[in-house]
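Topology and contacts: notes
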Amino acid sequence: LAVWALASAVFLLSYRDLNTAVQLVLPDAADLSTSGFGTASASQRATQILAVRHRLGLDLPLFYVSRLSVPGAYADEWQWNGWTNQYHQWARRLLRGDLGTSFRTGQAVTSRLRQALVFTLPLMGTAAVLAILAALALGQGLAAKPMWGRPVRTALLIVQALPLFVVALALLLLLANPEVVAWFPAYGLAQFANSEMDGIGDRLGNYLLHLALPVAALVITALPELTLQLEAALAHELRTDYATTARAKGLAEGAVVRRHALRNALLPTLTQVTELLPALVAGAVVVEVVFALPGMGRLLAEAAATRDYPVLVGGVLLTGAARLLALLLADLLYLWADPRIRWQA
């Protein structure tokens, strides 16, 4: 219901700006004149607009009710439009798994989202796994209070203050720049995916090279918050009586952290892992634009810029569903981390 309400709100708010979307779908007048069709008159342009609105289904009322401005009336009147409206048609198609058709390309929205997820899912999945594993290792290391703890903690705080686009551009300029070091490709993952190369090893190696810097940017920006939260939770658990008892039995500090404190300290971190998915989705927009990746983030950014509302609403639905799955996963992980937690009605 939450995802449905969110998608409905985006649908109803975005479709109030349909005139701009129709103008962007229409061919430019300068293009028509250079193609030999001549400059379209005002009546021809109006006819084109009506044809586009009819083709896209935009000539129907937006919702079940609409407000009418009656000249001379004290207040506006409300009109019942029946079931023949844009929202009802969209909802019926959505229940059948049809997200509509892109205004800009005429492709099915489901197809466009599937093509984008081929690039985004490996990017986000790899970044999430690496960030979580690195935070677990680094948080446990910092909790043991080593000599290198203070400079590493300071570096994490500095990185946490940097925006994602700054980290992405720094990696691009330092490691994919012929003037400095050109170890990684700066762009071209889409062309590489469409090309034919000999050998699975060569394809896998080039694919990993193209993903290295985008994944590194997402991991670097996600790592500080996860690590510092886990370290704080571990520091609290290490001051408890059961940790003192474990030390009195002769266990080393690292063993106390791993065997006793870690599981109790994971609950706040699991909540942060749930928030990691929306952060990575937002970060994918920046990373995919900087590194020219044809993924989900870039698709939604272009859809918002070109008023391609079916693609935008489909992306909102997909992102909201993924967020709810992350919340469900967090609840299951709570049960694993602490058996005292039980489902409650």
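1. Considering the overall build of the protein chain
A count of helices and strands for the protein chain gives 14 helices and two strands. For the protein chain, the residues scored as buried account for 34% of the 345 residues in total. Restricting to contacts in the protein chain with at least 6 residues of sequence separation, those with at least 24 account for 66%.

2. Observations regarding the side chain of Asp 308
Within the secondary structure, Asp 308 is located in the loop between helix 13 (296-305) and helix 14 (309-337). Given the relative accessible area of 1%, Asp 308 is considered buried. A polar atom in the side chain of Asp 308 sits 2.5 Å from the side chain of Ser 102. In this view, Asp 308 contacts Ser 102, Phe 103, Arg 104, Arg 112 and Ala 303; residues no more than four positions away in its chain are not counted.

3. Regarding the packing of helix 1 (residues 2-14) against helix 5 (residues 86-95)
Between helix 1 and helix 5, the least distance of the axes is 11 Å, while the angle of their chain directions is 140 degrees. Judged by the angle between their axes, helix 1 and helix 5 are oblique. The element helix 1 and its partner helix 5 pack so that their crossing is right-handed. Along the contact surface, helix 1 presents Trp 4, Ala 7, Ser 8, Phe 11 and Leu 12, while helix 5 presents Gln 86, Tyr 87, Trp 90, Ala 91, Leu 94 and Leu 95.

4. Observations concerning the packing of helix 6 (residues 109-143) against helix 13
Orientation of helix 6 relative to helix 13, taken along the N-to-C sense of each, is 135 degrees, at an axis distance of 7 Å. It follows from the interaxial angle that helix 6 and helix 13 lie oblique. In contact with Arg 112, Leu 113, Ala 116, Leu 117 and Thr 120 of helix 6, helix 13 contributes Met 296, Gly 297 and Leu 299. Among the residues forming the contact of helix 6 with helix 13, the class breakdown is five nonpolar, two polar and one charged.

5. Remarks on the environment of Leu 99
Structurally, Leu 99 is set in the loop between helix 5 and helix 6. The buried category is assigned to Leu 99, whose relative accessible area is 17%. For Leu 99 and Gly 315, which are 216 residues apart along the polypeptide, the C-alpha to C-alpha distance reads 9.7 Å.

6. What about the pattern of salt bridges?
Under the definition given, this model contains four salt bridges. Put simply, Arg 112 and Asp 308 hold a salt bridge, and the shortest N to O gap is 3.6 Å. Of the two residues, Arg 112 sits in helix 6 while Asp 308 sits in the loop between helix 13 and helix 14, which places them 196 residues apart along the sequence. Just as Arg 112 is buried, Asp 308 falls in that class too. Measuring nitrogen to oxygen at the nearest pair gives 2.7 Å for the salt bridge that ties Glu 231 to Arg 153. One end of the pair, Glu 231, is in helix 10 (residues 200-237); the other, Arg 153, is in helix 7 (residues 149-160), with 78 residues separating them in the sequence. Taken together, the shared-partner salt bridges connect Arg 104, Arg 298 and Glu 302 into one network.

7. Some details on the confidence of the model for the protein chain
Predicted coordinates in regions of low pLDDT should not be interpreted in detail. Summarising the model, the protein chain shows a mean pLDDT of 78, and 81% of its residues fall at 70 or more. The least confident element of the protein chain, judged by mean pLDDT, is helix 3 (residues 29-34) at 46; the most confident is helix 7 at 88. Overall, residues 29-38 carries pLDDT values under 50, and its contacts beyond four positions in sequence, including any with other chains, amount to eight contacts.

8. Section: the nonpolar core
Formed by 26 residues in total, the largest nonpolar core has its most connected members in Leu 123, Ala 217, Leu 218, Leu 280, Val 287 and Phe 291. Breaking this core down by element, the ones donating at least two residues are helix 6, helix 8 (164-175), helix 10 and helix 12 (253-290). Residues contacting Leu 123, with those up to four places away along its chain left out, are Leu 211, Pro 214, Val 215, Leu 218, Val 287, Glu 288 and Leu 293. With 23 residues, the next largest nonpolar core counts Val 3, Phe 11, Val 109 and Ala 116 among its residues.

9. Considering a nonpolar patch on the surface
Taken together, the side chains of Ile 158, Leu 162, Phe 165, Val 166, Leu 169 and Leu 173 define a hydrophobic patch exposed on the protein surface, amounting to about 520 Å² of accessible area. Broken down by element, the residue count for the nonpolar patch peaks at four residues, all from helix 8. Residue placement: Leu 162 occurs in the loop between helix 7 and helix 8.

10. Some thoughts on the packing of aromatic side chains
What characterises a pair of aromatic rings is the spacing of the ring centres plus the angle enclosed by the ring planes. For the structure shown, the criterion picks out 10 aromatic pairs. Between Trp 4 and Trp 90, the aromatic rings sit 5.7 Å apart at their centres with planes inclined by 35 degrees, giving tilted as the arrangement. In this pair, Trp 4 is assigned in helix 1 and Trp 90 in helix 5, connecting sequence segments 86 residues apart. According to the relative accessible area criterion, Trp 90 is buried, its value standing at 4%. An angle of 15 degrees between the planes, with centres 6.1 Å apart, marks the rings of Tyr 64 and Trp 80 as stacked. A residue pair is termed long-range when its members are at least 10 positions apart, and Tyr 64 in the loop between helix 4 (42-55) and strand 1 (65-68) and Trp 80 in strand 2 (residues 77-80) qualify at 16 residues. A connected cluster of aromatic rings, assembled from ring pairs, spans Trp 4, Phe 11, Phe 63, Tyr 64, Trp 80, Trp 83, Tyr 87 and Trp 90.

Criteria and thresholds
Note that residues are indexed from 1 along each chain, following the sequence as it is written. With the structure being a predicted model, the display of local features is reserved for residues of pLDDT at least 70 and the display and counting of side-chain atom pairs for 80 or more, all residues being used for whole-chain, interface and lining totals. With hydrogens and water set aside, each side-chain value is computed from the structure's full complement of heavy atoms. Secondary structure elements follow DSSP: runs of H or I no shorter than four residues count as helices, runs of E no shorter than two count as strands, and numbering proceeds from the N terminus. For the exposure calls, accessible area comes from a 1.4 Å probe over protein chains only, and a residue counts as buried if that area is under 20% of its type's maximum, exposed if over 50%, partly exposed in between. Any pair of residues with heavy atoms lying within 4.5 Å of one another is described as a contacting pair. Polar contact criterion, stated in full: a pair of N or O atoms within 3.5 Å, where within protein one must be able to donate a hydrogen and the other to accept it, and residues adjacent in sequence count only if both atoms are side-chain atoms. In this analysis an axis means a line fitted to C-alpha atoms, helices contributing only their contacting stretch, and an angle means the value between N-to-C directions, from 0 to 180 degrees. To sort the angles, those under 35 degrees are grouped as roughly parallel, those over 145 as roughly antiparallel, those from 65 to 115 as roughly perpendicular, and the leftovers as oblique. We call a crossing left-handed when the near helix sits turned anticlockwise from the far one by less than a right angle, and right-handed when that turn is clockwise. Polar here means any residue other than Ala, Val, Leu, Ile, Met, Phe, Trp, Tyr, Cys and Pro, which are nonpolar, and Asp, Glu, Lys and Arg, which are charged; Gly is therefore polar. Criterion for a salt bridge: a side-chain nitrogen of Lys or Arg within 4 Å of a carboxyl oxygen of Asp or Glu. Think of pLDDT as the predictor's per-residue confidence, scored from 0 to 100. Throughout this description, the term nonpolar core refers to a set of buried Ala, Val, Leu, Ile, Met, Phe, Trp, Tyr and Cys residues connected via side-chain atoms within 4.5 Å. Patch membership is restricted to residues that have no salt bridge and whose relative accessible area is over 30%. Joining uses 9 Å for like charges and 5 Å for the nonpolar side chains Val, Leu, Ile, Met, Phe, Trp and Tyr. Method for areas: the Shrake-Rupley scheme with a 1.4 Å probe, in which residue coverage is limited to the protein chains shown. Each Phe, Tyr or Trp ring (for Trp, its six-membered ring) is paired with any other whose centre lies within 6.5 Å, and the angle between the two planes then decides the class: stacked below 30 degrees, edge-to-face above 60, tilted in between.

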